[in-house]
Amino acid sequence: MAVAETKYLTEFYHLPEFKGLEGYKKNGGYKELVKALKMQPQAIIDEVKASGLRGRGGAGFSTGMKWSFLPKNNEPRFLLCNADEGEPGTFKDRMMMEKAPHQLIEGMIISAFAINSKKSYIYVRGEYDDSINALTQAIQEAYKAGYLGKNILGSGFDHDMDVYRGAGAYICGEETGMISSLEGLKGQPKLKPPFPAIQGYLKKPTIVNNVETLAVVKYVIRDGAAHYKTFGTEKSAGTKLFSLSGNVVKPGNYEVPLAFPMKDMIYGLGGGFKAGRKLKAVIPGGSSAPVLTAEESERATLDYENLAQMGTMLGSGAIIVIDDSNCMVQCLANLTHFYHHESCGQCTPCREGTGWLDKIVHSILSGRGRPQDIELLIKVADNMKGKTICALSDAAALPVLSFVTKFRDEFEYFVREGKSKVKGTAFAPKGDAHVGH
Amino acid sequence: MSDTNIKCTINGTELEVKKGMTIIQAMTENAQRIAHYCWHPGLSIAGVCRLCMVEIEGNPRVQIACNTVITEGMRINNTSEKVKDAVKWGLDFHLINHPLDCPICDQAGECGLQDQYMEYGKYTPEMAEKKQKKHKVVDLGPTVVLDSERCILCSRCVRFTDEVSKTNELGIFNRGDHAEIGTHDGKQLDNKYSLNTVDICPVGALTSKDFRFKQRVWYLKDSDTVCNGCSTGCNVKVYFNKEGLFRVKPNVNEKINGYWMCDEGRDIYKFVNREHRQLKGQKYGAGSWHEEVHAGVAAKDAGQFLQTAKADEIGLVLTGQHTNEEYEALLNTFVNTFKTKNIYHWWPQEPKAGEFDGLLLRGDKNPNTAGLKEALSKHGITAKWADLESGLKSGKIKQLVVIAPENIFAYNDMEQKAAFFAQAEHLILATSVKFPGLEKASLKIATIIPLKSYIEKDGTFVNFKGDVQKFKKATTVVNEALTGVELAQLLAGQNLQIEVVPTPELFKAASNTRKDQVTLDHRKKNEFVFNRGRL
């Protein structure tokens, strides 16, 4: 049986004209905005809630529920689109913004109307030049066409939208870190409570949603919650874009319904491995998700509850496939280096812990590991979990814990023999490159 | 009552706390121990040190106490193994990149890392990797030096400059474990309150240029007093040993100074130390200084002049730098014994008196102007400074007694005044500091009597808004110097009594005391205080 994508959001992505306003309108664009503006805002929120849509950025929190946390008054409120796609392995938002900027903008205007927000920002990762250009141009077109600005399509609803360019910090993808950055402060997460829905951007109620989440809103309005729920499972409704990367033959973005078997993703859509290689491990939801062994990945399905059951998470939908030519110590060193570099430095366990983990892993990698280092990695990572303002500390600790426990033999071999079990050598540290900067 | 108070249980003790209170507030107010670095009652909540962990019944994760508001019936503990373990590791994370240079660190002995590690530490260090290198001996400004390696990035100092001094000089630069405190481009940590950052720094990262390397803190005793730098009357702690005073830090008093004091006030120990002090009695006559005499002898001899002089030949000059008790004793002697009302208020900076910087610092550099004014009006004194000027010019005032100010930094007109007072036939100058300008003044006859400074006596100050604050003697610097009360008695020809505190009903009861304040009756002389207050 041939495995195929379910092109729901990405139906017209193959058309270059879908990027422009005309092409977008020709293929059903802005029809749902017209429809939504005639609905009661509460009805839109109820529809989104009923659709079972969960945040596509990583945490998987119910979108409708998030919206209903907003205070029921007329206080000014903001809608922020989190397009600071920084989770290693994730590149789906980039494709959406580059190929269909209007899809996101339409979803955002509908969402803003639902939560009665008159101003929204799209916070785009600084490196995404093409996305920023596409969005900026699309917003101009939308203003000209009367989809943005005062009295949109005669409905009496006003809305303004801006693109804000990040500066490339991973931590600004965390919603309160993003809010700090948008406020002109150093991009550091804020203490919760208060949560952004109560006190966010400029201390006003704020909703932060992922690019994909906001784009989906248009389709929930188009087809209704019931239709959306026909995809996926009860708790993981809808389709999702997955960014498949690593040692597969055909990496890329694939849209499939949730609960899609991971095996089909890797061997079917991904085209399997190069000759002579076989599956060793999969990081299923972006670099922060605990790793799965080959055996686990072959029985996993891509939905929130199954992956949670296996002790990992769907995250942002970034599937990183690792084949048997890779040394797991080296893979982990890559991750610890990333978190060491990206920790904002606010909370002590994360600031000091990410560096500590990184240094231990690199000392193992250079053949200087001590037998007690493996236990120490587990202890340090354990004590970084759940102790900080945001989830970066957990995100750094979880891969370490899963790599070390699931591939312990490789770590033990490296410490014992002073060289990689797979590659047969140690890796001299490149100066101080792995420490800081 | 029950609308604003709620019940909770902390470590098995049932407490009633104010609604809206955080766990850490309730715990510190009820004398429960909790580890913390970044939380400070006078600053906003940062929640970054992650040490004040508590376990709340029904919540599987440990929570930080500083950002958790107590709700009705909450059951909290910070003594379970889970919490202890979290704090142990929290401290270890603080220490892995800390240089552990305690032997050469000025903070040693009063360091938050040392104290809390003793109490909560893991004691089995496991860090074997290279430590992070950061900047050392960073000159932040005229008063403070930074050692970034010692810094634990609690952000207290940054929040202080943002929220209290509102000068915004400091920030945290860079990210992760190479983040460092620093000043913004082109700025220096240079404000009137900069040294508070040193007080609130829980480690040895920020040190005071004035104090560093002067003394190990365990060689210092401390004592509570009231700052005599201006009319705000901040509650302060002075640190001293037999070599003299070394530094001043603020005491907490929500009503007066909160948690802070100004940098100017921290200099007030300097004119108390011996190098600035009048140590002995001195006499001048027939164009030269005579041999030094004992303070009491000088006072008694001067008293004989006064006792034989006519009432309207006697004048007395007072400043707002002395205690209520001294004013009362002196005024009583002059008004009732010498029958004179030629009593003048030396007031050097009239135009600046009303100034206030919005936080603590006031233009009136006298701690007890209010007390002096009240004492003068109580004794019906109406004499003006102009009367003294004309009295001295015409030679009407022959015996002039001047009780000189202590704060030589605040009184910048002392040299001119020396020349001015020298016009009197006999100048009796009671002073705690070496009075500047006396050498140049053309004196006729003069008697110099050493006085004790405010650190060396019990007394009462009344601040600008009428708060009556008692303070106790901290230490003795110049042993034989006299207090104003003793001076008054000796001038009047009496002998010193052993009990020199006048009848208490004469004076107001203190209207402002702190919970931890030692009263005059119960003070223990030079008690060695181990408890150095809160972190």
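Residues numbered from 1 in each chain as written. Chains lettered and ligands numbered in written order. Predicted model: local features only at pLDDT ≥ 70, side-chain atom pairs only at ≥ 80, totals over all residues.

When you go through chain B residue by residue, the secondary structure sums to 11 helices and 22 strands. Along the first, second and third principal axes, the C-alpha atoms of chain B reach 85 × 55 × 40 Å. Put simply, chain B has 535 residues, and 47% of those count as buried. For chain B, contacts bridging at least 24 residues in sequence account for 67% of all contacts bridging at least 6. (Helix = DSSP H or I, 4+ residues; strand = E, 2+ residues; numbered from the N terminus. Buried ≥ 20, exposed ≤ 12 C-beta atoms within 10 Å, placed from the backbone. Contact = placed C-beta atoms within 7 Å.)

This next bit is on the interface of chain B and chain A. Across the contact, 27 residues belong to chain B and 28 residues belong to chain A. Looking at the side of chain B that touches chain A residue by residue, the classes come out as 12 nonpolar, 8 polar and 7 charged. (Nonpolar A, V, L, I, M, F, W, Y, C, P; charged D, E, K, R; others polar.)

Further remarks concern the sheet that holds strand E1 (residues 78–83) of chain A. All names here are of chain A. Spatially, the 4 strands line up as an open sheet ordered E3-E2-E1-E4, and their pairing is parallel. Either end of the sheet is taken by a strand with one partner, and the two such strands are strand E3 (160–165) and strand E4 (206–210). The sheet shows a mean angle of 20° between the axes of neighbouring strands, taken without regard to direction. Along the sheet, helix H7 (residues 129–144) contacts E1, strand E2 (119–124) and E3; its crossing angle with E3, the most-contacted strand, is approximately 165°. (Pairing = 2+ DSSP bridges. Axes fitted to C-alpha atoms, helices over the stretch in contact; angles between N-to-C directions.)

Think of a sheet as strands paired side by side through backbone hydrogen bonds, with each pair either parallel or antiparallel. Residues and elements named next belong to chain B. Strand order across the open sheet formed by 3 strands is E11-E12-E13, with antiparallel pairing between neighbours. Because the sheet does not close on itself, it has two edges, and the strands there are strand E11 (221–226) and strand E13 (244–250). The mean angle between the axes of side-by-side strands here comes to 30°, regardless of whether they run parallel or antiparallel. Where strand E12 (residues 235–241) meets E13, 6 bridges bridge the pair, whose relative direction is antiparallel. Bridge pairing in E13 places Tyr239 opposite Arg247.

Residues and elements named next belong to chain B. Each assigned domain of chain B is listed here: domain 1 (5–95), domain 2 (129–213) and domain 3 (276–506). Placing a centre on the C-alpha atoms of domain 1 and another on those of domain 2 gives a separation of 27 Å. The partner domain 2 presents 10 residues to the 10 residues of domain 1 that form the contact. (Domains from an automatic or database assignment.)

Quick look at the domain arrangement of chain A now. Residues and elements named next belong to chain A. Domains assigned within chain A are domain 1 (16–228), domain 2 (239–323) and domain 3 (328–417). The centre of domain 2, based on its C-alpha atoms, is set 23 Å off from the matching centre of domain 3. Tallying the contact residues gives 7 residues for domain 2 and 11 residues for domain 3. A per-class count over the side of domain 2 that touches domain 3 returns 4 nonpolar, 3 polar and no charged.

This part is about unusual backbone geometry. Following Lys192(A), the chain continues into Pro193(A) via a peptide bond in cis, with omega recorded as -5°. In this fold, Pro193(A) is placed in the loop between helix H8 (175–182) and E4. In this chain, Pro193(A) is followed by Pro194(A) through a cis amide linkage whose omega measures 0°. Inspection of the secondary structure assignment puts Pro194(A) in the loop between H8 and E4. With a phi close to 50°, Asn11(B) is a non-glycine residue in the positive phi region.

All names here are of chain A. Those residues of helix H17 (residues 408–417) lying buried are Glu410, Phe411 and Phe414. Looking down the long axis of H17, one finds its buried residues gathered within 100° of arc, a one-sided arrangement. Seen from the open side of H17, the exposed residues pointing more than 90 degrees away from its buried face are Asp409, Arg416 and Glu417. Of the surrounding elements, those touching the buried residues of H17 are helix H13 (328–342), helix H14 (348–365), helix H15 (373–384) and helix H16 (392–406). (Arc of directions from axis to C-beta.)

It is worth spelling out the packing of helix H7 (residues 324–337) of chain B against helix H11 (residues 484–491) of chain B at this point. Residue and element names in this part refer to chain B. Between H7 and H11, the least distance of the axes is 8 Å, while the angle of their chain directions is 15°. As the angle between them shows, H7 and H11 are arranged roughly parallel. The two elements H7 and H11 meet at a crossing, and its hand is left-handed. Of the residues in H11, those in contact with Glu325, Glu326, Ala329, Leu330, Asn332 and Thr333 of H7 are Gly484, Val485, Ala488 and Leu491. In terms of residue class, the contact of H7 with H11 is built from 5 nonpolar, 3 polar and 2 charged. (Parallel < 35°, antiparallel > 145°, perpendicular 65-115°, else oblique. Left-handed = near helix turned anticlockwise from the far one by under 90°.)

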